[in-house]
Amino acid sequence: MSNERLLTIEDLRVDYGGIHAVKGISIDVPKDRIITLIGSNGAGKSTTLRTIAGVVKATSGSICFEGNELIGKTPDEIVSMGITLVPEGRRVFENLTVLENLKIGAFIHKYKLDDDLERVYHLFPRLRERAWQLAGTLSGGEQQMLAVGRALMSRPKLLMMDEPSLGLAPLIVKDIFDIIRTVNREGITVLLVEQNANQALKIADYAYVLETGDISMQGSGNELLADERIREAYLGKRKE
Amino acid sequence: MSSTILLQHTLTGISLGGAYALIAIGYTMVYGILRLINFAHGDIFMMAGYFMIFAMASMPWFIAIPLVMILTVMLGIAVEQVAYKPLRSAPRMSIMISAIGVSYLLQNLATYLFTALPRGYPEIPYLKKILHIGDVSASLVTIITPFLTVALTFLLIALINHTKLGMAMRAVSRDYETSQLMGIKINRVISATFAIGSLLAFIGSLLYFTDRMTVFPFSGTLPGLKCFVAAVLGGIGSIPGAVVGGFILGIGETVLVAMGYSTFSDAFTFAILIVMLLFRPTGLFGEKVTDKV
């Protein structure tokens, strides 16, 4: 693992319908790592990811990816640069088949998709079995796998995930986190937003805690897991 | 009514229905992707009629047709760019009002530029040729309209189900933001939708006006409304639905005329609209509306 920075956010501010959703945060995402943003509802985690993806406009600050400024770029330009967001709530195209959902993940690319499909099917054998089904007929866990598979089809360098464990059964949550690790081991940098702080901190190399638009704490996953304040605020009622 | 006359009228009805179907597809496609009833669509159809009159005045038909086709498509795209695109994130009511505005603008522009007097639609060679099949006689345009409509419908459905553009259209119609996250340029997809709708409106105008023989600034109003009803009848958002709806209205209207109730032929269309909205608002082929979460 290198310490080379893949993505650097500096003093990012985002105002959103009259609310200061993100109030000047700075985040470093080194290459090949898993970085997580934790925090409660409305802390600005999703807004941060959506601003990086270009679907929300930043008010000020800078987002630098491999030396290029992302602010002002359109979502399709950002996808072409190698950043993909798995949106909150999965958002698979329910009116498209599983295969079409995967193909649309590689929409910006013109190459043959066979190898990429094979790679995704290898990670998620379920998707191969259901390739011809409409995505709307899949279970929640399967849809989440499809959403991740779809994102991988664009061959991202940075994979951003917004609450991948939301609304899923504990057993499936475990699968999802295993997959995040696997994907990361294959050389994809991961920026993960989670409310499931316990799981997220366990797999993260470094973590930021967001509170109402500000970073209130940061440190390695293990440091934060051991921190009293974090244990109280985010892990309190959870069993290990 | 003798069987010959019945056959004759059915043929006319099918032909009118085919032209309606082509225009109705434009309503249904735009609704599918923007959730907008594009009230200007009938007026784009009318403008296509005028473009053809002027083009045919100075050039042969084989140049005029492709040229007018391009002009109509450009007009459709321009309307979208100017009147709808800036309102992409506005409430749906605003964009609908904008559509009504464009409709009046085009009608008044046509009145100002071309006067309100009806102008003769040019005769395109071969289309007016009368064919006799047994006792039934019909112009060539009457006979080719339904076939052309069905062929174009199949082509369009193939485009939507089997091409990358079609896949993008289906994705955008479902979820703008996620489509953007996939790298789809949604504005391009929307432009393509308007281009296809306008192209079909042009073909519809060619078939319709060849039969009707005149164009005036309000020529698009009533056919436009009827085709909108056809789209609702079939289930707005559904392409096969729009085609079936178009044929039902075209045939129904002609049959009423044949039975001597021509006064009621327009009322028939709107009675259908009311009945559909009361008893089956999703139309014949419409999917159940499930609101996005």
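As shown above, the structure is provided for reference.
The present account deals with the structure reproduced in this document. All values reported here derive from a predicted model rather than from experimental measurement.

Thoughts on the packing of helix α10 (residues 239-258) of chain B against helix α11 (residues 265-279) of chain B
All names here are of chain B.
Part 1 of the argument: One can describe the packing of α10 onto α11 by two numbers: an axis separation of 8 Å at closest approach and a directional angle of 140°. Between α10 and α11, the crossing angle belongs to the class labelled oblique. For the pair α10 and α11, the crossing hand works out as right-handed. In this structure, α10 contributes L249, G252, E253, L256 and V257 to the contact, and α11 contributes S265, F268 and T269.
Part 2 of the argument: For the contact of α10 with α11, the per-class residue count stands at four nonpolar, three polar and one charged.

Regarding helix α7 (residues 170-185) of chain A
Residue and element names in this part refer to chain A.
Part 1 of the argument: The end-to-end C-alpha distance of α7, which contains 16 residues, comes to 23 Å, matching closely the 22 Å that a straight helix rising 1.5 Å per residue would cover.
Part 2 of the argument: Buried within α7 are the following residues: F177, I180 and V183. Here the buried residues of α7 occupy an arc of 120° about the axis, which is enough to place them on one side. Exposed positions of α7 whose direction lies more than 90 degrees from the buried face are L171, D178, T182 and R185.

Some points on the sheet that holds strand β5 (residues 68-69) of chain A
Residues and elements named next belong to chain A.
Part 1 of the argument: On the basis of which strands lie adjacent, the open sheet formed by four strands has the order β2-β1-β4-β5 and antiparallel pairing. If you trace the sheet from one side to the other, it starts and ends with β2 (19-30) and β5, each paired once.
Part 2 of the argument: The sheet contact formed by strand β1 (residues 5-16) and strand β4 (residues 60-65) spans five bridges and is antiparallel. Bridge pairing in β4 places L7 opposite F65.

Points about the packing of helix α3 (residues 98-105) of chain A against helix α6 (residues 140-152) of chain A
Residue and element names in this part refer to chain A.
Part 1 of the argument: For the pair α3 and α6, the least separation of the axes is 6 Å and the interaxial angle reads 35°. Crossing of α3 against α6: the hand is right-handed. From α3, V98, N101, L102, I104 and G105 reach across to α6, where they touch L146, G149, R150 and A151.
Part 2 of the argument: Its residues assigned to classes, the contact of α3 with α6 shows five nonpolar, three polar and one charged.

A word on the interface of chain B and chain A
Part 1 of the argument: In this complex, chain B contributes 14 residues to the contact, which on the side of chain A involves 20 residues.
Part 2 of the argument: Residue assignment for the side of chain B that touches chain A shows that the elements contributing at least two residues are α6 (164-174) and α7 (176-181) of chain B.
Part 3 of the argument: Looking at the side of chain B that touches chain A, its residues break down into six nonpolar, three polar and five charged.

Reading the values: the criteria
Residues numbered from 1 in each chain as written. Chains lettered and ligands numbered in written order. Predicted model: local features only at pLDDT ≥ 70, side-chain atom pairs only at ≥ 80, totals over all residues. Axes fitted to C-alpha atoms, helices over the stretch in contact; angles between N-to-C directions. Helix = DSSP H or I, 4+ residues; strand = E, 2+ residues; numbered from the N terminus. Parallel < 35°, antiparallel > 145°, perpendicular 65-115°, else oblique. Left-handed = near helix turned anticlockwise from the far one by under 90°. Contact = placed C-beta atoms within 7 Å. Nonpolar A, V, L, I, M, F, W, Y, C, P; charged D, E, K, R; others polar. Expected span 1.5 Å × (residues − 1). Buried ≥ 20, exposed ≤ 12 C-beta atoms within 10 Å, placed from the backbone. Arc of directions from axis to C-beta. Pairing = 2+ DSSP bridges.

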